[in-house]
Amino acid sequence: QGQLVESGGGLVQAGGSLRLSCAASGSIFSINYMGWYRQAPGKQREFVAGITRGGSTNAADSVKGRFTISRDNAKSTVVYLQMNSLKPEDTAVYYCNAQIITVAGMNPNDYWGQGTQVTVSS
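A brief report on the enclosed structure follows.

### Quick word on the environment of Glu6
Within the secondary structure, Glu6 is located in strand 1 (residues 2–7). Classification of Glu6 as buried rests on a relative accessible area of 5%. The sequence separation of Glu6 and Ser76 amounts to 70 residues, and the corresponding C-alpha distance is 15 Å. A polar side-chain atom of Glu6 sits 2.7 Å from the main-chain amide nitrogen of Cys96.

In structure tokens, the structure reads:
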């Protein structure tokens, strides 16, 4: 089984920055993909940004140019979401997601973290 633990959320003023971290642990053979999603009150969970095992990244149009996803150079099981120029509409619970293969030859399973709150004040 794999586990994801997020950290780095908090309260910040509009225009400020935060960096979220997500660390995968447990029985991990390989990680195909890691990404960030967010869910604001009363809204559906939406994709924010993702990174593949090969390092390719993509991001939602709403955050392009402001948010950057990256992977730790030393630990391939840790990803970051650098959030700059934050806006009040970025306020949400941010969730880490990963597709993890726990045993060689098996299909990946989908894992989610517990979420971290990001609040941007105007």
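Now, onward.
### Re the state of the cysteines
Considering all chains together, one arrives at one disulfide under this definition. Two residues, Cys22 and Cys96, share a disulfide whose sulfurs are 2.0 Å apart. Every disulfide takes its handedness from the sign of the S-S torsion; for Cys22 and Cys96 that torsion is -85 degrees, giving left-handed. Here Cys22, found in strand 3 (residues 18–26), pairs with Cys96, found in strand 9 (residues 92–101); they are 74 residues apart in sequence, far enough to count as distant. With relative accessibility at 0%, the residue Cys96 sits in the buried group.

Calculation criteria
Residues numbered from 1 in each chain as written. Predicted model: local features only at pLDDT ≥ 70, side-chain atom pairs only at ≥ 80, totals over all residues. Heavy atoms only, no water. Helix = DSSP H or I, 4+ residues; strand = E, 2+ residues; numbered from the N terminus. Buried < 20%, exposed > 50% of the residue type's maximum accessible area, 1.4 Å probe, protein only. Polar contact = N/O pair within 3.5 Å; in protein donor to acceptor, adjacent residues only side chain to side chain. Disulfide = S-S within 2.5 Å.

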